[in-house]
Amino acid sequence: MTGWVGLCYLYERQPQNIMRRLFFIAIVVLVFGIALTLSAQYQDRFKITWIEPGSGALLPEFDAFDSVEGTLGVLNASGPVNTEGHPFFTPLGTNGRACVNCHQPTYAMSVSTAGLLERWRTTDGKDPVFAAFDGSNCPGLPQEKESSHSLLLKRGLFRIPLPWPPKNADGSAKPVEFTIEVVRDPTGCNTSREFGLKSAEPTISVYRRPRPAANLKYVTSGGQPIVLKTGTLADVDPETGKPVSMNLMTDAREPSLKTQAVSAIMGHEQARVAPSDPQIQKIVEYESQVYVAQQAHIFGGPLAVAGGPPGLGVAALRDHRAGVLGDNDYDPVFGSFSSWKGNDYYRSSVARGADIFMFRQFWLRDAAHINSIGLGNPLKRTCATCHNAQMTGQDLSAGWVDVGTTNYPTWTEPATWADSSELPVFKITCARDADPHPYLGRVIYTTDPGRALISGRCVDVGSIVMQQLRGLAARAPYFANGSAKTLREVVDFYDRRFDMKLTDEEKEDLINFLGVL
Amino acid sequence: MRFGLFILGALVALGQQRSFVSCPIVRDTKTVPCFLAEYEGELYYLGIQQDITSAFHPPQLKHEVLVEGRIASDPGAPRVCGGIPLQPVSISVLKEVNLSCNTLLPAEPGIDAPAAPRGPGPSSLHRTEAANPRKTLTGRQEFTVLYAFNDDYLEFAANAVVTEAAAYAKQIGASNVKVSGYRATTLLSNGDRLVEKAGLAEKRAQNIATLLRGLGVSSTVVESKNEPEPGDGQTDPSRRRVTIVVAP
């Protein structure tokens with residue numbers, strides 16, 4: 001299987017005549033079809049390649065990994081990667097973890113719950129990815145129990161402990177506009193005397209999905225000195241002094257890939273000694289040249305072919321310029337899909353999905369940092385208004401928006417207050433002289449305050465930095481809180497949240513479209 | 001009685017000015033929505049949905065809006081989206097949430113929005129770099145940053161003014177950059193006065209000074225006038241401001 005797609009990748013580099021191309025596509029479709037049928041009977045036909053830290057594997061320039069719907073492509077643009085002793089693939093801390101534990105090529109440089117579950121079974125829960133510190137619901141829980149890792153195994157969530165109040169770069173406490181109380185604590189971590197808000201080092205634990213450590217030139221480009229959404233200065237890269245894009249992490253707390261890598265080593269890897277500069281350099285070099293995207297689909301065949309949609313596949317990501325606005329009709333976010341409009345059932349569905357993403361209007365309402373920044377409430381626009389940057393669909397400006405995933409009442413958690421939530425629930429009370437949250441006022445219930453945990457501002461409660469929309473099919477579940485198990489659940493969320501009234505066909509098209517990115 | 005006279009006087013003086021607080025009304029159309037507001041039984045047209053870069057920033061449902069605008073001088077001018085157009089108009093979204101501001105009217109045949117530079121979908125406009133006026137400036141220059149009522153948020157246009165001022169200061173190697181913050185009063189058409197909150201003048205000035213420093217301008221002097229500027233019901237939005245005086 002992998003070989004076929006490798007071929008597709010090579011194939012797209014050579015001019016071929018039309019008949020051979022059609023024949024080739026037919027073969028690929030056939031092989032995928034058979035594989036799919038087999039996989040239904042023998043689930044583990046699709047072998048997952050989990051890279052263990054320190055394995056010393058040699059990663060090829062192009063690799064491909066199968067998932068149920070198709071194949072993910074992974075491109076090392078600067079050539080094969082020797083992982084032997086490589087700091088991204090080598091444990092640098094005390095818990096045996098390396099970056100690769102949570103950022104696996106197989107899963108679009110994130111990690112899926114399917115992969116984690118399999119890992120739990122094959123290692124009896126001993127894989128360092130399950131480390132007590134943040135791979136369990138709370139470090140104090142009995143680690144051998146599956147239930148102590150339920151958020152990771154069910155929703156793919158790692159614990160992110162953040163100091164409260166937030167600190168300035170010099171270590172002093174930042175002024176904050178609200179108080180925070182823990183009103184539900186299913187993991188026990190926020191009320192814990194040892195790890196919680198009332199511990200010696202007051203900490204808020206939120207639970208989040210790993211964001212793909214790939215295609216990063218897009219994530220880090222586009223910094224402006226003044227952040228459009230807040231009218232305040234952007235963070236600067238401590239090394240260069242230049243303003244940064246503020247699109248890294250769920251809450252934009254890391255200004256650069258370097259600071260991010262250091263924090264990951266001191267945090268996720270529980271290092272006692274800071275990593276060396278060359279180590280950090282090497283990590284950033286690696287993650288800056290790795291590209292992930294869907295490369296083939298069981299019905300669609302190879303996705304990146306001459307004459308096809310120009311935005312698909314890893315080579316397109318490697319070659320495209322970063323930092324380009326795509327919220328326009330002449331040069332759209334993921335390129336044009338018009339060449340797929342026609343009588344091929346699956347491909348025309350994808351092309352219709354692309355049009356829905358770009359053109360299907362609905363009322364964007366009550367989304368802080370979109371409706372509240374001068375665009376008006378409501379705003380009659382499309383998905384691409386928020387997901388506006390070419391190739392990744394992030395926000396070209398600092399990417400935090402309260403789209404409603406974490407704040408009551410639109411949150412993705414149980415709709416009725418009485419139902420149990422798997423996530424902690426916080427009550428935020430804003431100071432009288434602070435600007436309130438623009439649509440929720442001064443008392444807000446939330447499962448993740450998002451950007452507000454860093455900025456200390458009430459208007460930021462529930463604002464989450466958009467993730468890139470690439471390699472989606474390989475890395476379910478979705479949203480920072482892992483609440484959407486499938487792309488269908490993502491689409492259903494938007495349908496509800498913005499009362500979009502999508503037809504079944506429109507939903508199918510949108511799902512098919514998201515699935516080829 | 002005296003109050004009545006005052007109102008009468010004010011009305012004469014204000015002429016066609018309208019300053020009032022109410023819930024905005026959104027009317028859908030075949031293209032972009034129109035934003036309207038009602039005052040004393042009359043419907044006023046404020047503007048249409050546009051882009052972040054445009055001068056008009058629409059109001060928001062879930063919030064009351066302070067409208068300060070002028071009725072078009074031609075009394076026979078046609079209504080727009082069913083409302084009497086106010087132009088120029090200043091829009092201030094009031095901060096507190098008001099759930100009763102929730103009117104979204106469906107599109108109606110015969111009621112169309114004025115032609116919009118950007119429709120409701122993705123933009124069709126190609127971005128062009130605006131000519132840079134700074135190059136032609138010399139000597140002492142004053143830049144004015146305007147705010148919505150009771151707000152210190154820098155809208156897109158205000159943000160551009162600060163960037164301009166900083167670039168100019170650096171271009172001429174300014175030895176003296178003075179930032180002065182103000183808060184102001186709005187005289188409503190019903191004679192009431194709305195005064196911006198205490199401390200806002202200083203907060204505005206400090207924010208701008210921080211931005212200028214971040215943009216590489218040192219040598220700033222920051223001052224603020226906590227005494228609110230008076231309101232005349234005509235030009236009130238122009239006094240909710242920070243001035244940046246850049247001298248060689």
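Residues numbered from 1 in each chain as written. Chains lettered and ligands numbered in written order. Predicted model: local features only at pLDDT ≥ 70, side-chain atom pairs only at ≥ 80, totals over all residues. Heavy atoms only, no water.

This paragraph deals with the overall build of chain B. In terms of helices and strands, chain B carries three helices and twelve strands. Its C-alpha radius of gyration of 20 Å places chain B within 12% of the 18 Å reference for a compact globule of 248 residues. Summarising its shape, the C-alpha atoms of chain B cover approximately 60 × 55 × 35 Å along the three principal directions. In chain B, buried positions account for 49% of the 248 residues. Contacts spanning at least 24 positions in sequence make up 75% of the contacts within chain B whose residues lie at least 6 apart. When the accessible surface of chain B is summed, it comes to about 11800 Å², and 56% of that surface belongs to carbon and sulfur atoms. For chain B, the separation between the mean place of its 25 positive charges and that of its 25 negative charges on side chains is 6 Å. (Helix = DSSP H or I, 4+ residues; strand = E, 2+ residues; numbered from the N terminus. Rg over C-alpha atoms; globule rule 2.2 N^0.38 Å. Buried < 20%, exposed > 50% of the residue type's maximum accessible area, 1.4 Å probe, protein only. Contact = heavy atoms within 4.5 Å. Areas by Shrake-Rupley, 256 points an atom, 1.4 Å probe, with all protein chains shown as cover. Lys, Arg positive; Asp, Glu negative; His and termini not counted. Charge placed at Lys NZ, Arg CZ, Asp CG, Glu CD.)

So, about the overall build of chain A. From N to C terminus, chain A includes 15 helices and 17 strands. Classification of the 517 residues of chain A by burial places 61% in the buried group. Put simply, of all contacts in chain A between residues at least 6 apart along the chain, 66% involve residues at least 24 apart. Carbon together with sulfur atoms contributes 56% to the accessible area of chain A, which is approximately 20100 Å² in total.

This next bit is on the packing of aromatic side chains. Taken as a whole and assessed by the stated rule, the structure comprises 21 aromatic pairs over all chains. Ring geometry for Phe 89 of chain A against Tyr 286 of chain A: centres 5.1 Å apart, planes inclined by 70 degrees, an arrangement best described as edge-to-face. Of the two residues, Phe 89 of chain A sits in the loop between strand S4 (81-82) and helix H3 (99-102) while Tyr 286 of chain A sits in helix H9 (residues 277-289), which places them 197 residues apart along the sequence. You can call Phe 89 of chain A buried: its relative accessible area is 1%. The buried category is assigned to Tyr 286 of chain A, whose relative accessible area is 4%. By way of ring pairs, the aromatic residues Phe 334, Phe 337, Trp 340, Phe 357 and Phe 513 of chain A are connected into one cluster. Against the face of Trp 400 of chain A rests Arg 451 of chain A, its NZ or CZ located 4.3 Å from the ring centre. Just above the ring of Tyr 182 of chain B sits the side chain of Arg 241 of chain B; from NZ or CZ to the centre is 3.7 Å. (Phe/Tyr/Trp six-rings, centres within 6.5 Å; stacked < 30°, edge-to-face > 60°. Lys NZ or Arg CZ within 6 Å of the ring centre and 35° of its normal.)

Here we take up the sheet that holds strand S6 (residues 84-93) of chain B. Residue and element names in this part refer to chain B. Here seven strands make up an open sheet; going across it, the order is S1-S5-S6-S4-S3-S2-S7 and the pairing mixed. Two strands bound the open sheet, and with one partner strand each, they are strand S1 (17-22) and strand S7 (103-105). Within the sheet, the average angular offset between the axes of one strand and its neighbour, ignoring direction, is 35 degrees. Bridge count for strand S3 (residues 34-39) against strand S4 (residues 42-48) is six bridges, and the pairing is antiparallel. Paired with Ala 37 across the bridge in S4 is Tyr 44. (Pairing = 2+ DSSP bridges. Axes fitted to C-alpha atoms, helices over the stretch in contact; angles between N-to-C directions.)

What follows deals with the interface of chain B and chain A. Each partner contributes to the interface: chain B provides 45 residues, whereas chain A provides 39 residues. Across the chain B/chain A interface, buried area totals approximately 3300 Å², and carbon plus sulfur atoms make up 53% of it. Ranking the residues of chain B by area buried against chain A places Gln 60, Pro 122 and Tyr 153 of chain B at the top, with a combined share of 17%. Joining chain B to chain A, the criterion identifies six salt bridges. Notably, a salt bridge pairs Asp 51 of chain B with Arg 381 of chain A, separated by 3.2 Å at the nearest N-O pair. At the boundary of chain B with chain A, the tally comes to 20 residue pairs in polar contact (both at pLDDT 80 or more). Residue assignment for the side of chain B that touches chain A shows that the elements contributing at least two residues are helix H2 (156-171) and helix H3 (200-214) of chain B. Tallied by class, the residues present in the side of chain B that touches chain A amount to 17 nonpolar, 17 polar and eleven charged. (Buried area = accessible area lost by both parts, 1.4 Å probe. Salt bridge = Lys/Arg side-chain N within 4 Å of Asp/Glu carboxyl O. Polar contact = N/O pair within 3.5 Å; in protein donor to acceptor, adjacent residues only side chain to side chain. Nonpolar A, V, L, I, M, F, W, Y, C, P; charged D, E, K, R; others polar.)

The next point concerns the pattern of salt bridges. Tallied over the entire structure, the rule returns 41 salt bridges over all chains. We note a salt bridge from Asp 251 of chain A to Arg 208 of chain A, for which the minimum N-O separation is 2.8 Å. Of this pair, Asp 251 of chain A sits in the loop between strand S9 (232-233) and helix H8 (257-266) while Arg 208 of chain A sits in strand S7 (residues 203-208), and the two are 43 residues apart along the sequence. Using a relative accessible area of 0% as the deciding quantity, one classes Asp 251 of chain A as buried. According to the relative accessible area criterion, Arg 208 of chain A is buried, its value standing at 2%. Among the ionic pairs, Arg 204 of chain B bridges to Glu 196 of chain B, the shortest N-O distance being 2.6 Å. Taken as a pair, Arg 204 of chain B and Glu 196 of chain B share a single burial class, namely buried. One salt-bridge network, in which partners are shared between bridges, spans Glu 177, Asp 435 and Arg 457 of chain A together with Lys 95 and Asp 151 of chain B.

Residues and elements named next belong to chain A. Relative to the helices and strands, His 387 is located in the loop between helix H12 (383-386) and strand S14 (400-401). Looking at His 387, its side chain comes within polar contact range of the main-chain oxygen of Gly 393, at 2.8 Å. Residues within four places of His 387 in sequence aside, it is in contact with Val 333, Phe 357, Gly 393, Gln 394, Met 466, Leu 469 and Tyr 494.

All names here are of chain A. Between helix H14 (residues 487-497) and helix H15 (residues 504-515), the shortest axis-to-axis distance is 9 Å and the interhelical angle comes to 130 degrees. Here H14 lies oblique to H15, going by the angle between them. Between H14 and H15 lies a crossing of right-handed hand. Within the contact between the two elements, H14 uses Leu 487, Arg 488, Val 491, Asp 492 and Asp 495 and H15 uses Lys 507, Glu 508, Leu 510, Ile 511, Leu 514 and Gly 515. Looking at the contact of H14 with H15 residue by residue, the classes come out as five nonpolar, one polar and five charged. (Parallel < 35°, antiparallel > 145°, perpendicular 65-115°, else oblique. Left-handed = near helix turned anticlockwise from the far one by under 90°.)

What follows concerns the nonpolar core. Taken as a class, soluble globular proteins show a tendency for nonpolar side chains to be buried jointly. All names here are of chain A. Phe 334, Phe 337, Phe 357, Ile 370, Tyr 494 and Phe 513 are the most contacted members of the largest nonpolar core, which has 48 residues in total. Residue assignment for this core shows that the elements contributing at least two residues are helix H11 (345-359), strand S12 (362-364), H12, H14 and H15. Here this core takes seven residues from H11, the largest share from any one element. When residues no more than four places from it in sequence are discounted, the contact partners of Phe 337 are Pro 309, Leu 312, Val 350, Ala 351, Ala 354, Phe 513 and Val 516. Membership of the second largest hydrophobic core comes to 29 residues, among which are Phe 89, Ala 214, Met 249 and Ile 283. (Core = buried A, V, L, I, M, F, W, Y, C linked by side-chain atoms within 4.5 Å.)

Turning our eyes to something else, we now look at the side chain of Asp 66 of chain A. Residues and elements named next belong to chain A. If you trace the backbone, Asp 66 turns up in strand S2 (residues 62-66). The exposure class of Asp 66 is buried, given its relative accessible area of 16%. In this structure the side chain of Asp 66 is engaged in a polar contact, spanning 3.1 Å, whose partner is the side chain of Thr 71.

All names here are of chain B. Tallied over the entire structure, the rule returns four disulfides over all chains. Disulfide pairing is shown between Cys 23 and Cys 101; the S-S distance is 2.1 Å. One quick way to see it: the torsion about the S-S bond of Cys 23 and Cys 101 is about -70 degrees, and its sign makes the bridge left-handed. Taken together, the residues Cys 23 in the loop between S1 and strand S2 (24-27) and Cys 101 in the loop between S6 and S7 connect sequence positions 78 residues apart. Cys 23 sits in the partly exposed class, given a relative accessible area of 25%. Disulfides within chain B link the bonded cysteines, taken in sequence order, as 1-4, 2-3. (Disulfide = S-S within 2.5 Å.)

Functional significance is not addressed by these values, which are geometric in nature.
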